[in-house]
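Coordinates in review
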Amino acid sequence: MSVTEETKADEARRTEGETEQAAGLLRGLWALIRRGVGSLELDTRLLGMIVGLLVIWVGFHFWSGGTFFTPRNLWNLTVQTSVVAIMATGMVLIIVSRNIDLSVGSMLGFIGMFMALLQAEWLPQWIGFDQWYTWIIVMAAGVVLGAILGFLQGAIIAYAAVPSFIVTLGGLLIWRGLAWVLASGRTIAPMDSTFQLLGGGARGSVGGTISWIIGIAACVGIVLLLVSRRRTRVRYEFRVRPMWADVALMVLGCAVVLGAVWFLNRYFMPEGLAMAYAEEHGLEWPEGGLEIPFGIANPVLIAIGTALVMTFIATRRRFGRYVFSIGGNPEAAALGGIKTKRTIVLTFMLMGILVAIASGVQIARLNSATSGLGTLQELYVIAAAVIGGTSLAGGIGTIFGAVLGALVMQSLQSGMVLVGIETALQDVVVGVVLILAVAVDVAYRRRQST
Amino acid sequence: MKRNRYLIALIAVLAMLIAACGGDGGGSDTTEGPDTTTASPDTTEGPTETTEDMTGTTAAGGGDITVGVSWNNFNEPRWANFDKPAIIEALDAAGAAYIETDAGSSAEQQLTDVENLISQGADVLIILAQDGTAILPAVQSALDQGIPVIAYDRLIENPETLYITFDNIGVGTLMAEVIYGLVPEGNYAIIKGNQADANADFLREGMEVVIGDAVTAGDITIVCEEYTDNWDGAIAQTTMEQCLTDNNDDIDAALVENDGMASGVVAALAGVGLDGQIPVSGQDGDTAALNRVALGTQTVSVWKDARLLGKAAGEAAVQLAQGAALGDVAGVIDFESPGGNTMTTILLDPTPITQDNLNLVLDAGWIDEATLCQNVESGSVEACP
């Protein structure tokens with residue numbers, strides 16, 4: 001063995017040792033990060049979705065030459081997502097209880113048409129046009145109608161034991177047909193001027209200041225929630241997160257909420273609107289114009305509010321627990337004394353109410369009701385719930401996930417319009433993403449369970 | 001629970017019975033089939049004879065004529081409200097009978113519908129095709145049985161059919177003319193209809209006639225051009241919002257292919273306070289759109305007086321049933337179809353409705369003044385005093 005060969009071998013051994021050392025260090029660091037993230041007790045699946053969403057956003061941002069990640073576009077995105085998001089929160093409970101609702105799109109069309117006729121043609125005969133309370137009557141009537149339709153479907157599913165797939169497939173045809181019967185297929189417009197605010201648009205937003213107030217309130221809410229949870233855990237002598245983890249979560253939560261408010265508040269009114277606003281509010285019009293933020297749009301607030309209430313119902317109420325246990329094992333739930341039939345009827349009634357709220361937002365936003373209103377929406381709603389991690393086998397799903405799912409799909413669609421992809425190809429992409437998302441989810445669950 | 005089961009069983013049996021009856025109908029079709037195929041060679045061998053034969057029938061009285069109409073989808077506002085009554089009126093005038101089917105947007109259903117109409121004894125068929133290609137076998141079979149076919153409003157690529165429609169390329173031209181007249185240069189957004197619908201491209205073709213040169217010269221820049229699934233107003237709204245975002249509101253005109261989508265586009269413009277400032281086109285003469293024209297938020301709605309179309313189809317159907325050859329029907333011209341066929345066609349002229357001629361739709365009874373003028377400042381347009 002020559003000297004050079006010896007040094008080479010030596011060197012090889014040394015580098016090997018170094019790599020091993022480095023690898024060990026990396027492993028240690030990784031374990032530390034994992035333990036750190038672990039003590040935050042975050043749902044890794046949701047984290048994965050959020051990362052996916054960010055990837056989509058950044059991807060479209062560069063692809064569109066920098067128009068995607070702008071306050072204006074994200075503001076649009078939030079408004080465009082709200083209708084599907086509102087309905088998806090209810091669809092989660094339906095799917096979790098091992099049912100499906102294929103009728104939501106048609107029901108949106110029917111209830112939307114009913115609400116439009118009510119405010120544009122029926123009510124004005126009695127109370128005239130544009131009363132301040134018209135929108136309340138219309139929304140209330142819509143919600144009642146939604147609850148009735150949901151009750152009808154739910155009762156047949158629960159008490160006559162007809163599969164929900166069939167009942168709501170029938171509903172899909174029936175409500176669409178009735179929507180047409182209501183107005184003979186006419187387009188009903190315009191909507192009541194106060195009612196229109198439900199849909200967002202120029203005047204249907206809360207403005208900058210209130211947006212900040214809402215943001216700060218949300219931030220306080222996050223802090224209070226984490227504090228109370230910590231207290232409860234201490235009281236029952238559960239394991240608590242390390243203090244730093246709780247504080248980190250509070251800071252992170254507040255940063256996300258306030259950051260979002262700040263970003264959306266940077267979408268200012270175009271000059272024409274701003275001038276009208278200034279004139280209305282008696283503001284001086286300065287040389288360089290005024291920067292008046294739209295603030296969070298009403299439909300977005302409605303969607304967020306709905307999601308919060310639904311999360312509360314799903315996780316903190318007995319009804320929600322029942323739904324999940326029925327989805328986990330219907331026989332066990334029934335034997336355990338849960339009134340399964342009543343619970344199923346209630347989930348469909350809740351779905352109907354949410355469809356009514358979504359109808360209100362949709363017709364207000366479009367400022368008209370057309371006979372094709374809501375066509376194919378059921379598929380987007382189901383897809384949102386499923387992309388958001390709701391398992392079609394039942395028992396698993398979160399409201400927040402479904403809202404994220406809706407946001408993912410709308411991001412894809414709006415992004416593709418922004419970069420000018422052909423309509424036919426857009427459908428292809430959305431379809432592929434739906435399958436991919438669920439495939440990844442299934443693979444992830446399988447890995448976790450082994 | 002048990003009673004419920006019985007109820008459902010009962011319903012199921014009923015449903016089966018109904019299905020069985022439907023099956024019977026189909027059965028009689030097939031039994032009739034051979035008869036008519038034997039008859040069809042006659043028709044091809046001796047056209048004069050058949051003509052005489054048919055004229056004979058007419059002499060016996062127009063009341064013997066039955067016209068079968070296959071609608072694709074009553075879900076669209078206009079067919080039931082305007083086209084159907086106009087056809088019936090034209091047929092009543094000639095003493096002919098009217099039968100109809102509605103395919104509910106299903107191309108497959110429409111194939112069955114056409115067979116059913118034939119077995120019910122239709123002498124002439126008027127078909128509003130859901131899918132102009134999928135319907136071809138049924139059309140061919142009808143023609144083989146000596147039953148003339150009128151392609152109503154939508155093209156069927158068979159030169160033996162009589163195509164009656166509004167000049168769709170003309171509609172695109174008309175809307176572009178109005179908009180181009182107001183905005184001869186600047187950024188244009190073009191919102192097109194359903195990609196699978198040939199009309200979406202006809203309309204676009206018609207626009208090109210007007211703005212093509214200006215686009216080449218660089219006076220007009222088309223900043224967005226998108227198809228819209230199902231001609232859906234909500235989708236058009238999203239498209240327009242994205243278009244405005246992408247161009248930072250720097251859009252000077254929107255060429256929109258129908259009124260339903262125009263409602264979405266105007267809503268998107270209203271969202272940034274630009275409604276009424278950017279010219280928007282549309283077609284169909286929807287009541288909501290005419291109201292927007294009166295309000296000034298939509299510039300033009302090209303109105304195809306559906307009653308004219310229905311009347312023309314009804315009259316042509318009677319002439320064909322009485323034995324007239326395609327070329328002899330009143331008012332026909334030759335029309336080169338996208339499929340390369342020379343179609344015998346009746347082309348009707350549409351009317352662009354703007355603030356200046358809203359009286360036309362009022363006088364025609366298409367819309368009443370209260371609906372047209374809702375929220376319109378009185379006196380701001382002539383039609384709303």
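Summarised in this report is the structure supplied together with it. Everything numeric here is computed off the predicted structure, so don't read it as measured data.

1. Some words on the overall build of chain A
For chain A, the count of helices and strands is 16 helices and 0 strands. Along the first, second and third principal axes, the C-alpha set of chain A runs to 105 × 75 × 55 Å. Taken over 450 residues, chain A has a buried fraction of 43%. A fraction of 81% describes how many contacts in chain A between residues 6 or more apart in sequence connect residues 24 or more apart.

2. Some thoughts on the sheet that holds strand S11 (residues 333–336) of chain B
Residue and element names in this part refer to chain B. The 7 strands lie next to each other as S2-S1-S3-S4-S5-S12-S11, forming an open sheet whose pairing is mixed. Both edges of this open sheet fall to strand S2 (97–102) and S11, since each of them pairs with a single strand only. For this sheet, the mean angle separating the axes of adjacent strands, direction not counted, is 30 degrees. Strand direction decides the pairing type here: strand S4 (residues 149–152) and strand S5 (residues 162–166), joined by 3 bridges, are parallel.

3. Concerning the interface of chain A and chain B
Taken together, the contact between chain A and chain B spans 35 residues of the former and 37 residues of the latter. Where the side of chain A that touches chain B is concerned, the elements lending two or more residues are helix H3 (71–96), helix H9 (271–280), helix H13 (340–366), helix H15 (399–418) and helix H16 (423–449) of chain A. With 4 residues, the top contributor of residues to the side of chain A that touches chain B is H3(A). Considered class by class, the residues forming the side of chain A that touches chain B number 14 nonpolar, 18 polar and 3 charged.

4. Here's the deal with the sheet that holds strand S8 (residues 253–256) of chain B
Residues and elements named next belong to chain B. Ordered by their spatial adjacency, 3 strands build an open sheet running S7-S6-S8, and the pairing between neighbours is parallel. Of all the strands in the sheet, the pair left with one neighbour each is strand S7 (220–226) and S8. The mean angle between the axes of side-by-side strands here comes to 20 degrees, regardless of whether they run parallel or antiparallel. Bridge analysis of strand S6 (residues 186–191) against S8 gives 4 bridges, and the strand direction is parallel. Bridge pairing in S8 places Tyr188 opposite Ala253.

5. Quick word on the packing of helix H6 (residues 168–182) of chain B against helix H7 (residues 198–217) of chain B
A pair of packed helices is captured by two measures, namely the crossing angle of their axes and the spacing between those axes. All names here are of chain B. Here H6 crosses H7 at 45 degrees, and the two axes come no closer than 7 Å. It follows from the interaxial angle that H6 and H7 lie oblique. Two packed elements cross with a definite hand, and for H6 against H7 that hand is right-handed. Only Asn199, Phe202, Leu203, Arg204, Glu205, Gly206, Met207, Val209, Val210 and Ile211 of H7 make contact with H6, whose side of the interface consists of Asn168, Ile169, Gly170, Val171, Gly172, Thr173, Ala176, Glu177 and Tyr180. Considered class by class, the residues forming the contact of H6 with H7 number 10 nonpolar, 6 polar and 3 charged.

Scoring rules and cut-offs
Residues numbered from 1 in each chain as written. Chains lettered and ligands numbered in written order. Predicted model: local features only at pLDDT ≥ 70, side-chain atom pairs only at ≥ 80, totals over all residues. Helix = DSSP H or I, 4+ residues; strand = E, 2+ residues; numbered from the N terminus. Buried ≥ 20, exposed ≤ 12 C-beta atoms within 10 Å, placed from the backbone. Contact = placed C-beta atoms within 7 Å. Pairing = 2+ DSSP bridges. Axes fitted to C-alpha atoms, helices over the stretch in contact; angles between N-to-C directions. Nonpolar A, V, L, I, M, F, W, Y, C, P; charged D, E, K, R; others polar. Parallel < 35°, antiparallel > 145°, perpendicular 65-115°, else oblique. Left-handed = near helix turned anticlockwise from the far one by under 90°.

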